[in-house]
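Read off the chains here:
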Amino acid sequence: METLEATATVSAMDAFEKLEKVGEGTYGKVYKARDKVTGKIVALKKTRLHEDEEGVPPTTLREVSILRMLSRDPHIVRLMDVKQGFNKEGKTVLYLVFEYMDTDLKKFIRSFRQTTDKVPLDIVKTLMFQLCKGVAFCHGHGILHRDLKPHNLLMDRKTMMLKIADLGLARAFTVPLKKYTHEILTLWYRAPEVLLGATHYSTGVDMWSVGCIL
């Protein structure tokens, strides 16, 4: 597996000013932050390190490795950097620095529930097209996301750009298929074979999630 190299010369807290907590991913909290040098707004994902863990968690290594491979696609959230920091107890933590998106599909859908309006069909079409393009790119590079849901689809309200995020549960798949855990995906977006305890599955689990999102 690809090794992880963090930028050690400048710590995350030296380089960025945390503005607010904006969410929580599969394996860490996410903050809106400002680059102190450029003023650019970014998203900082703080990885969770367990007390009995030595080094970088394999889930973080896997996510960074996958993101480095997939970030060149316009419909996958872009990993900009990896920074080192320290928690309140003085233990080392890692921050993944992502491009900042101002909302996600879950919040976008909920904004329409507050009125009698439905999401316009042309917007549904453009968002689903982008989602399918992003999923196709993942699958074309041998990656299952395994946790597709509206909360993990970031958006720019002005441009209607959609990007797939939170690849903490993503895995590489091969032929023949390997054995995987069935304890994945938010329940409402799980494919039937996963709900029934299958340990061998493929790209269909992501496509089922895409259908549920639609």
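Predicted model, so just to flag it, every value in this text is computed and none were measured.

Digging into the overall build of the protein chain
- Secondary structure summary: the protein chain contains six helices and 10 strands in total.
- Per-residue burial for the protein chain yields a buried fraction of 45% across its 214 residues.
- Nonlocal contacts in the protein chain, meaning residues at least 24 apart in sequence, comprise 57% of its contacts between residues at least 6 apart.
- A total accessible area of about 11700 Å² is found for the protein chain, and carbon and sulfur atoms account for 55% of it.

A short note on the sheet that holds strand β6 (residues 103-104)
- On the basis of which strands lie adjacent, the open sheet formed by three strands has the order β6-β8-β9 and antiparallel pairing. Across the chains shown, the open sheet's two edge strands, defined by having one partner strand only, are β6 and β9 (161-164).
- This element, helix α4 (residues 121-140), spans β8 (153-156) and β9 of the sheet and lies at about 30° to β9.

So, the UniProt feature "binding site: ATP" (unreviewed entry) in the protein chain
- Within this structure's numbering, the places UniProt gives as "binding site: ATP" (unreviewed entry) are K45.
- Along the polypeptide, K45 turns up in strand β3 (residues 41-47).
- By relative accessible area, which is 6% here, K45 ends up buried.

Side note on the packing of aromatic side chains
- Here the structure, examined in full by the defined rule, presents one aromatic pair.
- Ring centres of F108 and F112 lie 5.1 Å apart, and the angle between their planes is 70°; on these two criteria the pair is classed as edge-to-face. Residue F108 and its partner F112 are both found in helix α3 (residues 105-113); the two are separated by four residues, about one turn of the helix. With respect to class, F108 is no different from F112; both count as buried.

A few points about the nonpolar core
- In this structure, L70, F108, L131, L153 and I213 are the most contacted members of the largest nonpolar core, which totals 35 residues.
- Elements that contribute at least two residues to this core include exactly α2 (58-70), β4 (79-86), β5 (92-99), α3, α4, β8, β9 and α6 (204-213).
- Broken down by element, the residue count for this core peaks at seven residues, all from α4.
- Counting the residues that make up this core, at least three belong to each of domain 1 (12-99) and domain 2 (103-213).

What counts, and where the lines are drawn
Along each chain, residues carry numbers from 1 onward, in the same order as the chain's sequence is written. Reporting in this predicted model follows two pLDDT cut-offs: at least 70 for local features of residues, and 80 or more for side-chain atom pairs to be given and counted; totals over whole chains, interfaces and linings ignore these cut-offs and use all residues. Values shown for side chains rest on all heavy atoms present in the structure; no hydrogens or waters enter the calculation. A helix here means a DSSP run of H or I that spans at least four residues, while a strand means a run of E at least two residues long, and both kinds are numbered starting from the N terminus. Exposure categories follow from relative accessible area, calculated using a 1.4 Å probe and restricted to protein chains: below 20% of the type maximum is buried, above 50% is exposed, and the middle band is partly exposed. It only takes one pair of heavy atoms within 4.5 Å for two residues to be counted as in contact. Using the Shrake-Rupley algorithm and a 1.4 Å probe, accessible areas are obtained, with residue cover drawn only from the displayed protein chains. Strand pairing is assigned whenever DSSP detects at least two bridges linking the two strands. Geometry is summarised by axes, namely lines fitted to C-alpha atoms with helices restricted to the contacting stretch, and by angles between N-to-C directions that run from 0 to 180 degrees. UniProt positions are given in the numbering used here, feature names are shortened, and annotations may be inferred rather than shown by experiment. Geometry of aromatic contacts follows a simple scheme: Phe, Tyr and Trp rings, the Trp one being its six-membered ring, pair when their centres are within 6.5 Å, and the pair is stacked under 30 degrees between planes, edge-to-face over 60, tilted otherwise. To define a nonpolar core, start from buried Ala, Val, Leu, Ile, Met, Phe, Trp, Tyr and Cys residues and group those joined through side-chain atoms within 4.5 Å. The domain limits used here are those given by an automatic or database domain assignment.

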